[in-house]
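As a plain string of letters, each chain reads:
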Amino acid sequence: MKVLKFGGTSVSNAANIIQVKNIVSEEAKKEKIVVVVSAFGGVTDLLVEAARLAAKHNLLYKEKMIAIEKRHLEVIQQLLPINNQSKTLSYVKKSLNDLATLLEGAFLIGEITQKLSDKIISYGELLSSYIISEYFTALSLDTIYKDARLLIKTNEVYGKTTVDFDATNTICSNYFGTVTYQIIVIPGFIASSHDGDITTLGRGGSDYTAAIVSGAIEAKSLEIWSDVSGMFTANPKLVKQAFAISNISYEEAMELSHFGAKVLYPPTIQPVLKKEIPILIKNTFKPEEEGTLISKNSNGKNKPVRGISHISNIGLISLEGIGMIGVPGISKRLFETLSLADISVILITQASSEHSICLGINEEDIEQAKKSINQAFEYEISTHKIKPCIVEKDLSVIALVGDNMKSHQGLSGKMFSALGKNNVNIRAIAQGASERNISAIIAKKDVKKALNTLHERFFEDNIKQLNLFVMGVGNVGARFLNQVLQQKEYLKKELLLNIRVIALSNSRTMVFDEDGISLEKWKKKLANGETANKEKFIETIKKLNYRNSIFVDNTANEEVANSYDTYLKNSIAVVTCNKIACSSRFDNYSQLKILARKYNAPFLFETNVGAGLPIIDTIKNLIASGDKIHKIQAVLSGSLNFVFNNFDLNTSFHDVVKLAQSEGYTEPDPKIDLSGIDVMRKILILARESGYKMEIDDIKNELFLPEECMNTNSVDAFYNALNKNTEHFNSLYTHANKVNCRLKYVAQFENGKAKVGLQHVEKEHPFYNLEGKDNIVLLYTDRYADQPLIIKGAGAGAEVTASGIFADIIRTGNY
């Protein structure tokens, strides 16, 4: 004989019940089965709310009654042939009249006892099981209905009843051993005391009913059918990559169900555990899927962690003081106090010094717990031997579960390291001697991030998901997105990095997609996005609270640069080609570095100098390995190098600058490049990265632009001024040509001083043959004293800048 239990979602409407019938009829062809059913989905909540309203003299309870009646009558009318409806309708209406009487009584006396509550909420299962039984009978299935109150006996502690297994096992064995029907339908959740009063087995108790019957009749197996395809490695609503566990042990299932795996009611396993009856978790709506088999052996193939679970709405209560050290009986008094207050403890941790004990309990019990403990230790508190209880709220428990965890070293370290890298603060830790469970209390707001972080660490072949929030989708930004699209599969396969773009923004619109924006259609999606708002952009990222979050700044906007500290303080990495932050005041630059270290959030800006060239990274490695940089000579403006390489007397300076802008080599305002400001920022950043404290005002700028060009206030005016000063630029070229030199815009740092300006470069110098938009950097150090370390290559252009940003993101993924 086999027991099948169907949950509330499985029987929530007529269409679903038809699916249940299909499953039951197929199983009944093979062997005799017991079918345990829950109340129709949502009906138990309606009953609880109706009782609450009635007890408060609120006539709205009658509206709940109307909704309950409507649900059941609609199902009858949709399922049963008209000729078979009369008997069922009569039973249902009589039951609803009895229910109305109970609710009216609660309304009149203005209260509801636990005994009365049990009676009221039992109607959900009583009605659903009877209707389903009559439906099966109407289809000529060999079916009988049996009231679970006649099978399962309990004590008289209403609401939290205890099953009398001796009596229950005898009754079930006798009944099921003699019944001849192929299908026996019984209501879940309900039972009765020895005096015949209705009792209930707790929310989720239909699972328990099925397990009790399975154990009593020593069933071949227990199948629990719901709307999920088994027990998952994590809550699939919070962790998209979670998957069903094919096999799991009884102990592992108990741990996961205790810690919030709602597919299974925690007490369910106890009645079947001793008799080693396997439990199969199946999906009513996808019966072909394998589901999860719970048995004596987990068959986990030595996988140490089998699942990750959590409990929300936890409060942490701490008792501490010097009066606890070495004093026997403190723990006994504490737990006895909570037991007398009917408060269950979820997690316990105690310092080895005995100075403090922390307890995790349901948040709804926290104030009562605080009151009870403070009263119990009133004397010790008054004499300052123990402090009053310290209470923390808005917490959750997360737990790693697995039978084989005890035989694998370093799991705790991996767990806490992964959480720490994503700035998930741990308030308390507990681990049993069996090492089947490692639990930690964290802030409730961090649950989703923590679950995804741990799932990624233990279940996804170490594939690390990077969540990008991109601001700026112009020349550089657009090419960057295209590069991500092209390399996405390669990165996942070869570097174990899964890159998702969660948000995009330009100056007009912004768009968020929690599942990741399609990079084939990002332009259309952004065009239809909401109005851009930098503050809302930041707040949304903080609210999403994703692991491995990276803010990517492809702008040249000062306001955006000024927001980096906010991102870093929230453990959001920053990757930027925007030079403003790193060339701002030294204390601001230094503070951003400090925040990056403090909050474990990488702050990378390789593209600030040399686009995709590894200039900053090389300097970092030199400094880290103990070298010291004394002198830097560099051509750092790809745009200026392009301009002066293409400028001659046959092509006006104006036209060459125009060409450079159209090719994407200059800033939107080319005066930034030609004025030397951009190069000043770059040499400033290199000096700072070399370990020197310097401000932008310390750098000497030898301008080559006429004053008229510098005083313009628009791009058009700047180009007009270039035209007017053609002779000036021609004379610069002529003078250099006469002495067989080329014009190069050079940045130099030496002896703590820096300068930028246009210089004549002779043929023998490494700068002379620098072509196109290339950059070149000469680093003179302790180790490279006579012959400098030379870094040379394309130093401007949207494509190489985008690749530099991309490289920084990959570096972030490897942190």
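Preceding this paragraph is the structure being described.
None of these values were measured; they are calculated from a predicted model.

1. Observations regarding the nonpolar core
Here's step 1: By size, the foremost hydrophobic cluster in this structure holds 81 residues, and its most contacted members are Phe653 and Phe704.
Here's step 2: Per-element tally for this core: the top contributor is helix H26 (residues 677-689), with seven residues.
Here's step 3: Filtering out sequence-adjacent residues up to four positions away, phenylalanine 653 remains in contact with Val643, Phe644, Phe647, Leu674, Phe704, Leu722 and Phe729.
Here's step 4: Ranked by size, the runner-up nonpolar core spans 52 residues in total, among them Val20, Ile33, Val75 and Ile121.

2. A short note on the environment of aspartate 365
Here's step 1: Mapped onto the fold, aspartate 365 is located in the loop between strand E14 (356-362) and helix H12 (366-376).
Here's step 2: For aspartate 365, a relative accessible area of 19% gives the class buried.
Here's step 3: Remark: the alpha-carbon pair of aspartate 365 and alanine 244, spanning 121 residues in sequence, is separated by 33 Å.

3. Brief notes about the sheet that holds strand E7 (residues 198-200)
Here's step 1: In spatial order, the strands read E4-E6-E7; together these three strands make up an open sheet with mixed pairing. This sheet does not close on itself; its edge strands, each paired only once, are strand E4 (153-154) and E7.
Here's step 2: The pairing of strand E6 (residues 190-193) with E7 spans three bridges and is classified as antiparallel. When the bridges of E7 are listed, serine 192 appears paired with isoleucine 198.

4. Things to note about the side chain of threonine 168
Here's step 1: As for its placement among the helices and strands, threonine 168 is situated in helix H7 (residues 165-178).
Here's step 2: In this structure the side chain of threonine 168 is engaged in a polar contact, spanning 3.0 Å, whose partner is the backbone nitrogen of lysine 153.
Here's step 3: Not counting residues within four places of it along the chain, the set of residues in contact with threonine 168 comprises Leu151, Ile152, Lys153, Val163 and Ile212.

5. Focus: the packing of H7 against helix H8 (residues 205-217)
Here's step 1: It is the contact of H7 with H8, at a shortest axis distance of 8 Å, that shows an interaxial angle of 70°. In this view, H7 runs roughly perpendicular relative to H8, as classed from their interaxial angle. Taking contact as the criterion, the partners of Phe165, Thr168, Asn169, Cys172, Ser173 and Phe176 in H7 are, on H8, Tyr208, Ile212, Val213, Ala216 and Ile217.
Here's step 2: Here the contact of H7 with H8 is composed, by residue class, of eight nonpolar, three polar and no charged.

6. A short note on the packing of aromatic side chains
In this description, a pair of aromatic rings is defined by centroid distance and the angle of the planes.
Here's step 1: Summed over all chains, the structure comprises 26 aromatic pairs.
Here's step 2: Summarising the aromatic geometry, the rings of phenylalanine 644 and phenylalanine 704 are spaced 5.4 Å apart at their centres and angled 70° between planes, so their arrangement reads as edge-to-face. Taken together, the positions of phenylalanine 644 in helix H23 (residues 638-646) and phenylalanine 704 in the loop between strand E26 (699-702) and helix H27 (707-710) put the pair 60 residues apart, joining distant regions of the chain.
Here's step 3: Taken together, the ring pairs connect Phe469, Phe512, Phe537, Phe551, Tyr564, Tyr567, Phe603 and Phe605 into an aromatic cluster.
Here's step 4: Here arginine 457 stacks its cationic end above the ring of phenylalanine 458, 5.9 Å away from the centre of that ring.
Here's step 5: Over the ring of tyrosine 719 we find lysine 658, and its NZ or CZ is 4.4 Å from the ring centre.

7. Things to note about the sheet that holds strand E3 (residues 143-145)
Here's step 1: Strand order in the open sheet formed by eight strands is E3-E5-E2-E1-E8-E10-E11-E9, with mixed pairing between adjacent strands. Of all strands in the sheet, those with a lone pairing partner are E3 and strand E9 (247-249), marking the two edges. Shown here is a sheet whose adjacent strand axes are inclined to one another by a mean of 20°, direction ignored.
Here's step 2: In the sheet, strand E10 (residues 279-283) pairs with strand E11 (residues 292-295) via three bridges, with the strands oriented antiparallel. Across the sheet, the residue bridging to isoleucine 281 is threonine 292, located in E11.
Here's step 3: Packed onto the sheet, H8 meets strand E1 (2-6), strand E2 (33-37), strand E5 (183-187) and strand E8 (221-226) and runs at close to 175° relative to E1.

8. With respect to unusual backbone geometry
Here's step 1: In this model, aspartate 342 sits at a positive phi of 60°, which is unusual for a non-glycine residue.
Here's step 2: Structurally, aspartate 342 can be placed in the loop between helix H11 (330-340) and strand E13 (345-350).
Here's step 3: The phi angle at asparagine 423 is positive, at roughly 60°, despite the residue not being glycine.
Here's step 4: Tracing the backbone shows asparagine 423 in the loop between helix H14 (411-421) and strand E16 (426-431).
Here's step 5: Looking at asparagine 423, the relative accessible area reads 34%, which means it is partly exposed.

9. Here we look at the side chain of threonine 154
Here's step 1: With respect to the secondary-structure elements, threonine 154 resides in strand E4.
Here's step 2: Here threonine 154 falls in the buried class, since its relative accessible area comes to 1%.
Here's step 3: Within the local environment of threonine 154, its side chain forms a polar contact with the side chain of threonine 161, the two groups lying 3.0 Å apart.
Here's step 4: There is a polar contact of 2.9 Å between the side chain of threonine 154 and the side chain of threonine 199.
Here's step 5: Residues in contact with threonine 154, not counting those within four places in the same chain, are Thr161, Thr162, Val163, Asp164, Ala191, Ser192, Ser193, His194, Thr199 and Leu201.

Rules used throughout
- Residues numbered from 1 in each chain as written.
- Predicted model: local features only at pLDDT ≥ 70, side-chain atom pairs only at ≥ 80, totals over all residues.
- Heavy atoms only, no water.
- Core = buried A, V, L, I, M, F, W, Y, C linked by side-chain atoms within 4.5 Å.
- Buried < 20%, exposed > 50% of the residue type's maximum accessible area, 1.4 Å probe, protein only.
- Helix = DSSP H or I, 4+ residues; strand = E, 2+ residues; numbered from the N terminus.
- Contact = heavy atoms within 4.5 Å.
- Pairing = 2+ DSSP bridges.
- Polar contact = N/O pair within 3.5 Å; in protein donor to acceptor, adjacent residues only side chain to side chain.
- Axes fitted to C-alpha atoms, helices over the stretch in contact; angles between N-to-C directions.
- Parallel < 35°, antiparallel > 145°, perpendicular 65-115°, else oblique.
- Nonpolar A, V, L, I, M, F, W, Y, C, P; charged D, E, K, R; others polar.
- Phe/Tyr/Trp six-rings, centres within 6.5 Å; stacked < 30°, edge-to-face > 60°.
- Lys NZ or Arg CZ within 6 Å of the ring centre and 35° of its normal.

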